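This is what each chain is made of:
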Amino acid sequence: MLAHVNRKNQVFEIMSHFHQWIFLKSLLLVITLAPVVLLADAKPRIVTVGGAATEIVFALGGGDDVVAVDLSSTYPAKVRDLPQVGYIRNITPEGILSMRPDLIVATETLGPPAAKKMLKQMGAPMVWIPEPKSLAALENGLRTIGKKLGKSAKAEEIILEVRAKLAESADTAKQWSNKPTAVFFLAPPSSSGGGRAGGKDTRGAELIELAGGESVVDFSNFQVMSIESLIKTDPDVIFVGVSDGHGATPESVEAMRQLPGLAGIKAVKNNAIYAVPLDDLSFGPRLGDAVQRWNAHLAEVAK
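Residues numbered from 1 in each chain as written. Predicted model: local features only at pLDDT ≥ 70, side-chain atom pairs only at ≥ 80, totals over all residues. Heavy atoms only, no water.

**So, the packing of helix α6 (residues 152-174) against helix α11 (residues 287-299)**
Here is step 1 of the chain: The geometry of α6 relative to α11 is characterised by a closest axis approach of 8 Å and an angle of 15° between their N-to-C directions. On the basis of the axis angle, α6 is roughly parallel to α11. Note on packing geometry: the crossing formed by α6 with α11 is left-handed. Where α6 approaches α11, its residues V162, K165, L166, E168, S169, T172 and A173 are matched on the opposing element by L287, G288, D289, V291, Q292 and N295.
Here is step 2 of the chain: Looking at the contact of α6 with α11, its residues break down into five nonpolar, five polar and three charged. (Axes fitted to C-alpha atoms, helices over the stretch in contact; angles between N-to-C directions. Helix = DSSP H or I, 4+ residues; strand = E, 2+ residues; numbered from the N terminus. Parallel < 35°, antiparallel > 145°, perpendicular 65-115°, else oblique. Left-handed = near helix turned anticlockwise from the far one by under 90°. Contact = heavy atoms within 4.5 Å. Nonpolar A, V, L, I, M, F, W, Y, C, P; charged D, E, K, R; others polar.)

**Considering α11**
Here is step 1 of the chain: Here α11 is 13 residues long and its end C-alpha atoms lie 18 Å apart, about the 18 Å a rise of 1.5 Å per residue gives.
Here is step 2 of the chain: Along α11, the positions that sit buried rather than exposed are L287, G288, A290, V291, W294, N295, H297 and L298.
Here is step 3 of the chain: Considering only its buried residues, α11 is in contact with α5 (135-149), α6, β5 (181-187), α7 (203-210), β9 (237-242) and β10 (273-277). (Expected span 1.5 Å × (residues − 1). Buried < 20%, exposed > 50% of the residue type's maximum accessible area, 1.4 Å probe, protein only.)

**A look at the sheet that holds strand β4 (residues 126-129)**
Here is step 1 of the chain: Read across the open sheet, the four strands follow the order β2-β1-β3-β4; overall the sheet is parallel. If you trace the sheet from one side to the other, it starts and ends with β2 (66-69) and β4, each paired once. Going from strand to strand, the sheet's axes swing by 20° on average, the running direction of each strand aside. (Pairing = 2+ DSSP bridges.)

As structure tokens, this is what we get:
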């Protein structure tokens, strides 16, 4: 009897996914074929999903054509006035398609997996770029979107600018006798416990390395780092991502400085706890600026 019920549930689940797919295909067809009166110089409608994707489109000069973004897109400031289609890791295809886009530009971070799979299977007009977590991924994204928008020359120009700024930071770091050690916190430790730190495969750790430092977190992804672990690690520098919407606040960073248990670590004794813009982690066209900012902070403690 139980096996029969399970088989029925599986059938219902399959039918549910099938009906959803049919609905979305129909919606895409309606959007594509619906009669719309357009002027000869009508602008394309672009929806961007992912902070890096949005920044790249704007940096390439396509910002005036963007009609909607996701919640993780916060730069440039004008995107905050645009309609939002959800959070990048919890996107619904219906929300994107309801904006009637001529083009969807998204990073591979888009989720959940079912939504990503559905968008790819539907043949929606999309440009996918790699998850933004390295210089190589940024250059790939710039070239891919640049080609699609007819802005390849501009893309190469931005790549050269980013490389030049990274080279300047690398030259500065070569003058240091020691690599400063560092930890990046998405949420800092507090009186109630440890903070959420960026592991060795995160953008926070990658930024530390690009800026000439050494990330000393030994776990992967973002995980809670206890106060005891932070004391044992004893980094030269602590970076904390600050943002109006999420991440830390200047007040929480200051509260961290005052924690009695951290008074003996080098970052506190040397006044080397730095609040940095959380969107430094976007790994968009402003990557060079972010690296130079972190490099300047590291330079203050480097020997």
